[in-house]
Every structure is written in structure tokens, then in C-alpha cells.
Amino acid sequence: MHPSRNLMRHVHGWLLLTPAAILLVAFTHYPTIKTIIDSLFSKGTVIRPSRFVGLANYESMYADPIFWKVLYNNLWFALGTIPTSIILAISMALLVNRAMPGRSFVRMAYFTPTILPMIAVANIWLFFYSPDIGLIDQISSWFGISGHNWLGDPKTVLPAIIIMTVWKEAGFFMIFYLAALQHVPPELREAARLEGASRWYFFRRVLFPLLMPTTLFVLINAVLNSFKLVDHLFVLTKGGPDNASNLLLYYIFESAFSYFDTNYAATLTVVLLALLAIMALVQFFLLDRRIHYR
Amino acid sequence: MTGIEIRNLAKHWGDIRAVDDVSFDVPQGSLTVLLGPSGCGKSTLLRMIAGLEDVSSGQVHINGQDVTHKDAAKRGVSMVFQSYALFPHLNVRENILFGLKVRKVEQAVRDKRLQEAARMVGLEELLDRKPANLSGGQRQRVALARTIVADQPVCLMDEPLSNLDAKLRAEMRDEIHILQRKLKLTMVYVTHDQTEAMSLADQVVLLKDGRVEQIGKPSELYETPSTTFSARFLGMPPMNVLRIDQIKDRGALNGAIPSGSPGWQLGVRPENISIADKGLSVKISAVDYMGAETVLRLRHGKQNLMARIDGRTNAVPGETLHITWNADDIHLFDEEGIRRGGIDAKPSASA
């Protein structure tokens, strides 16, 4: 090929890539690298400017009991929300994937929590959980059960937030399962039925394996969401009481904008990024091989 | 002994009668083809025999037992679907063994039956492949193997060849036929393809709008169609059916036409027509050369005809010809389209 033609091809290629590359670099690559660099510097003040401290921020993070607390909370939060919301999502999708009266109404009802703004959702649930005047306490008072400060008690605050998150996420994940179920040909169920396969056997041996690509997608999203949750905490608990409902991202936010320690926040962010990257890799490499894609 | 008995079977959806008062018997070890245009209810009928569709009224008996309301799995039937219904995430082996595993058949028996079935349909080398990596014909074989291992006395097939190309279709048709006879299966086979029906069937049930139009051996349907619908449905090209009252030259029809019968129709197969010096005068509208034969499309007044002539002809479109046929080759139908006479005349509607 003529050298200048070849050059033009390269120029064209790069021109086509540039808009996407600019966005990626500006909002993903540059912030990531800057965060990693920031995490290696000390907090700057007027008197003492920021200086390179190596891994000192990581050492103080290792010694920070709140960091371990929020990490532990986050682990429980993930374990509490992910399996439950996935099981609920599959169940709801199976339920509305058949002919029944009011099907579209039920489908819409399941999806409503996803449409509502997060802050509004949190306010609704704040009313549910309010001690004595809240919905839950009012109903339980009919049965003679005295009120409880659900969000004020360190024992119940995290479960309370887990329940709200499951409520919100299950409907969203259901949509993906519903779409996947509608791509499963009905003859498969009929063929299994002729062989005498029970509903459960068919689900276990056919339907669930065919839904695995969806499950992987949902799983990755659920894991990301469980580490991304911050807006509910603003409205409901601000991470309290005594950090009982504090999660990693909210702690990062607090470090950066309440304590103005952006370098420590950067350190925590690097940990968060590393955790997410490890989990995404594990999911892709361990699960992906066992999944049948159509 | 009777394999399957269908008694006054019907399926209604509101006012729509998909299957309406259908009765026929399938003798054990024989092959019955349910034939008809799309929407005639043949698939619904098959699904009712399988137990996949509820019956509105009537009964299904299999091997002398009333199975009308019995669970599909307990009827002793296996089925091949039009789409084959293979499980995409399972390999060929697992697909074939699916039913045996559900029924908790012992491992040793499973392996033996798998080997037999795979050998019969020539899948031994492909057992570890997924359906996505198989050709259409190979997928069809997996579906057949599944039927073989199921070892059920009755086998139902819902347009099993319609997703294959013409050459493969002929090949698989023969294989299904050989298999059916070898395993002495009682088979009900749904198709809209008359070639499949003619070549496979011991008995053809021709359906129209959910009702039985005619039942009989393929030769009976071809030689003595009981209605103009049967007459036109079977045969390539189909039978010519002419309105007698629109033909002025009655002498040219070369048959005993009953007088005083307005609306009666005369049927004659294209292969029974020959070109002659005198007879019915027709104009050629097209000449379709097919190799061994030539099909002439003809026009008499406002009515179209087709004639099949061996080899080639020098006739050209626009030319006028005279055609004739033997008096023996005539079929007569009344104004309702019911057979009233002709070769081997029998009382109307053998159903």
C-alpha cells in the first residue's frame, strides 16, 4: 500500500477513537491514576504543605478501626442484599412470565422502586422505620408490641438498610430475568414435561443454566451497587449510630468532605477500586467458563 | 389392535373451533399423517394427543386406555418438535439422556440405550457437541435419538422436517420411515407437505378448518378424492376442477355429464390430459419446462387448467390447442364440492 494512504488510514482511525478516548481518559483513567498518586501524599495544610509520604496513609488506614468496621459492614451488607435480591428477582420474574390476570400491573408494581429517585425512596423508608410514629411501629402497636428505634439501634440499623436495598434492587434485577425468560422457547418446557420433569427439575436443569449469563450480569451489578451505596445513608442514618451502618463509600465521602482529608479518602478509594477489580475478575474468570451463552 | 383412537375430539377457544369433532384410529405400528394447510388445526390435534393442550370435548385412547385427561408424561408418548426443542446448554449426550435421567433409569441401562440410539441415527462421533455446533440435520437426529431412547410405543412428530433444506428433507424422511418400521412405532406425523404425506403415510387424515376432510390411504386420497378440497390439495400440479356450466362445448368434456345439474364440477388430473386434434379448446398462458416433464398452463374462457406432458413440447404461450382425456379419468363433484362420480366411484365422503 502507498505509504501516505497508510498514514491517512491511521489518522482516520485515531480521529474516530478520539472522542471516546477523551472521555475515558478524563473521567476514568486520569482520576484513577491521580487517586493512586494522591494516596501516597500527606494531607496538606496552610502551614504544612502536602508531601510524599509513601505508604504512610495505608499504614494509618490499617490501624484505623473505623476502616475495618465499614469494611466489615460492607461485607455483611453485600451478603445480606445480593443473594436475597437475586432469588427474589428470579421468583418474581417466573411469576410474571406467565399468563395471569393483571400481569402488566404486577410487572409495573415490581419495577416501581427502581423508577423512584433514591432520596425519595429513603424518605419513604425513613417514615416506615421512624420510632413510634412510623408505619412498622404503628402496625406492631396493634398487636401490643412496643415501639423500636430501628435506625437508632446499632443491632437493627444495618438489617433495616439491607431490607430497603433488597426491596429496591429485586424489581430492577427482575426486568433482566424477565427479558431472559422470554427468550427461552416454550417447547423446551413442553419437551421436559413430556419426559415427566417436575417444575423444580426443569428449573434446576434447564431454566437456571440458561439464565446464567443474566445471573452473572446481575451479580456484577449487585456487587458494584453494594459498594456504591451512599445516598440512602445520607437521608437515613449518616452512617450512625457509632458507624453501625457506615459503608466504605460513605466513609470515603466523610473523609473527603467532612474531615477534608482528601489524601486519606484517596487511599480508601484505591482499596475500594482494588476490591471491585478483584471481584469482577473472579466473577469473569471463575463463572464465565461455566456459563452457556446463546 | 388399535394404537390410538381419537373420538369426536374438539378444541375451542371461545367461538373459534380449532379442532372440531375429529375421529380416526391409528392402528398399532402404523404411520398416520395429519395433513392440511396451515391453520387447519393439525398441530393442535397432535398436541391434544400428546397432552400438551387441554381437550374441550371428546376422547383420546392410547393402547386401549382413555388418556384424555391424563398427564402428558404418563401417556406413553414421545414427541419430536418442529424446532427440535433441544436444550442449548446440554451436549448431545445429555440431551438424549435428559428424559431417562428424569425417569431415574439406571446408569447401565442409560448407557446401553444411548449407544444404541446414537448408532441408529449416526451420532456416535458427536456426543460431546452442543446443539449450536450441529447442522440442521444433526439436530434433527438428536431429536430422533431422544425419541428412540424414550422407548415409548407412540411417537408424535410435529412438522419435523420443515426446517431442513430440500435434499436433507428427503434423506431424513426416509430415515424416519425406516426407524418407524424398525421400532414398530405407532406414529402420528403432522405436515403440510403432500410429498411427505404421500411417501410416508399408511393412512392420511386430511384436515380443513379443524374438520376431517377425508381419511384414507394416500392412493385412495389421490385416486378418489371425496371433495374438491382433497382433489386440489394432493397432486403436483393439483387436479383441474372445472365448472361444467361455464363450458359451452359439452361434447368436448368427454364424459357422461348428468343433465340439470348447475354448479357441478368436473375434475381431471393434469397427467391425464393429452393434446389432441379435437376436444376442449384452450389457450396456452405459460409453459414450465421441468426436465422430465413440461407443465402447460392453459386457459379456457375464465377457467385455468394445467396439463402435464412428458418431455419437452414445442408449444408456445399464446397458442391455441385442443385437449382431451379418457372418460375413465373424470371425477365429478356437485355444487357443494362433494364427490358424485368418476373412476372407482364410491359413496361420498368416506369419513
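Calculation rules
- Residues numbered from 1 in each chain as written.
- Chains lettered and ligands numbered in written order.
- Predicted model: local features only at pLDDT ≥ 70, side-chain atom pairs only at ≥ 80, totals over all residues.
- Heavy atoms only, no water.
- Pairing = 2+ DSSP bridges.
- Helix = DSSP H or I, 4+ residues; strand = E, 2+ residues; numbered from the N terminus.
- Axes fitted to C-alpha atoms, helices over the stretch in contact; angles between N-to-C directions.
- Domains from an automatic or database assignment.
- Phe/Tyr/Trp six-rings, centres within 6.5 Å; stacked < 30°, edge-to-face > 60°.
- Buried < 20%, exposed > 50% of the residue type's maximum accessible area, 1.4 Å probe, protein only.
- Lys NZ or Arg CZ within 6 Å of the ring centre and 35° of its normal.
- Core = buried A, V, L, I, M, F, W, Y, C linked by side-chain atoms within 4.5 Å.
- Contact = heavy atoms within 4.5 Å.
- Buried area = accessible area lost by both parts, 1.4 Å probe.
- Salt bridge = Lys/Arg side-chain N within 4 Å of Asp/Glu carboxyl O.
- Polar contact = N/O pair within 3.5 Å; in protein donor to acceptor, adjacent residues only side chain to side chain.
- Expected span 1.5 Å × (residues − 1).
- Bend = angle between axes of the 7 residues up to and from the residue.

Things to note about the sheet that holds strand β9 (residues 203-208) of chain B
Residue and element names in this part refer to chain B.
Okay, so step 1: The 6 strands lie next to each other as β6-β7-β8-β3-β9-β10, forming an open sheet whose pairing is mixed. Each of the sheet's edge strands pairs with one partner strand only, and the pair in question is β6 (77-80) and β10 (211-216). Shown here is a sheet whose adjacent strand axes are inclined to one another by a mean of 20 degrees, direction ignored.

So, the domain arrangement of chain B
Okay, so step 1: Split into domains, chain B comes out as domain 1 (2-223) and domain 2 (237-342).
Okay, so step 2: Just the C-alpha atoms count here: the centres of domain 1 of chain B and domain 2 of chain B sit 39 Å apart.

Let's talk about the packing of aromatic side chains
Okay, so step 1: The final tally for this structure, using the stated rule, is 19 aromatic pairs over all chains.
Okay, so step 2: Ring centres of A:F253 and A:F257 lie 5.4 Å apart, and the angle between their planes is 50 degrees; this geometry places the pair in the tilted category. With A:F253 and A:F257 both in helix α11 (residues 248-257), this residue pair falls 4 residues apart, about one helical turn.
Okay, so step 3: On the basis of relative accessibility, which here comes to 29%, the residue A:F253 falls in the partly exposed class.
Okay, so step 4: Among the aromatic residues, those joined into a cluster by ring pairs are A:W125, A:F127, A:F128, A:Y129 and A:W167.
Okay, so step 5: The positively charged end of B:R269 is found above the aromatic ring belonging to B:Y222, 3.9 Å away from the centroid.
Okay, so step 6: Directly above the ring of B:Y289 sits B:R312, whose terminal nitrogen or CZ lies 6.0 Å from the centroid.

Some thoughts on the nonpolar core
Okay, so step 1: Of all hydrophobic cores here, the largest spans 82 residues; its most connected members are B:F24, B:L45, B:F98 and B:L156.
Okay, so step 2: In terms of residue count, helix α9 (residues 199-228) of chain A provides more of this core than any other element does, 11 residues in total.
Okay, so step 3: Grouped together as the second largest cluster of nonpolar side chains are 44 residues, B:A145, B:M157, B:M172 and B:L221 included.

A closer look at unusual backbone geometry
All names here are of chain B.
Okay, so step 1: Of note, the bond from M236 into P237 is cis; its omega dihedral lies within 30 degrees of zero at -10 degrees.
Okay, so step 2: Assignment of secondary structure puts P237 in the loop between α8 (228-233) and β11 (240-243).
Okay, so step 3: Phi is positive for N8, which is not a glycine, with a value near 50 degrees.
Okay, so step 4: Looking at the element boundaries, N8 is found in strand β1 (residues 2-13).
Okay, so step 5: Take N8: its relative accessible area is 41%, and that puts it in the partly exposed class.

What about the interface of chain B and chain A?
Okay, so step 1: With 24 residues of chain B at the interface, the matching set in chain A holds 18 residues.
Okay, so step 2: Across the chain B/chain A interface, buried area totals approximately 1,900 Å², and carbon plus sulfur atoms make up 66% of it.
Okay, so step 3: Three residues stand out in chain B for area buried against chain A, namely B:H89, B:F98 and B:V102, and they jointly supply 28% of the buried area on that side.
Okay, so step 4: For the pair chain B and chain A, the interface holds 3 salt bridges.
Okay, so step 5: Between B:E94 and A:R205 there is a salt bridge; the shortest N-O distance is 3.3 Å.
Okay, so step 6: Between chain B and chain A we count 7 residue pairs in polar contact (both at pLDDT 80 or more) in total.
Okay, so step 7: For the side of chain B that touches chain A, the secondary-structure elements that each account for two or more residues are α1 (42-50), β6 and α2 (92-102) of chain B.
Okay, so step 8: Tallying contributions element by element places α2(B) first for the side of chain B that touches chain A, with 5 residues.

Examining helix α1 (residues 3-38) of chain A
One turn of the α-helix equals 3.6 residues, which is why residues spaced by three or four share an orientation.
Okay, so step 1: The terminal C-alpha atoms of α1(A), which comprises 36 residues, lie only 44 Å apart, well short of the 52 Å expected from a rise of 1.5 Å per residue.
Okay, so step 2: A:V25 marks the point of greatest bend in α1(A), at about 45 degrees.

Details of the environment of A:A280
Okay, so step 1: Mapped onto the elements, A:A280 comes out in helix α12 (residues 262-287).
Okay, so step 2: Taking the C-alpha atoms as reference points, A:A280 and A:L229, 51 residues apart in sequence, are found 17 Å from one another.

A look at the sheet that holds strand β15 (residues 293-300) of chain B
Note on sheets: strands pair through backbone hydrogen bonds, and any given pair is parallel or antiparallel.
Residue and element names in this part refer to chain B.
Okay, so step 1: Taken in spatial order, the 5 strands of this open sheet run β13-β17-β14-β15-β16, and their pairing is antiparallel. In the strand order of this sheet, the two ends are held by β13 (274-276) and β16 (303-310), each with one partner. Across the sheet, the mean angle from the axis of one strand to that of its neighbour is 50 degrees, orientation sign disregarded.
Okay, so step 2: When β13 meets strand β17 (residues 320-324), the two strands line up antiparallel, connected through 3 bridges. Bridge pairing links A276 to H322 in β17.

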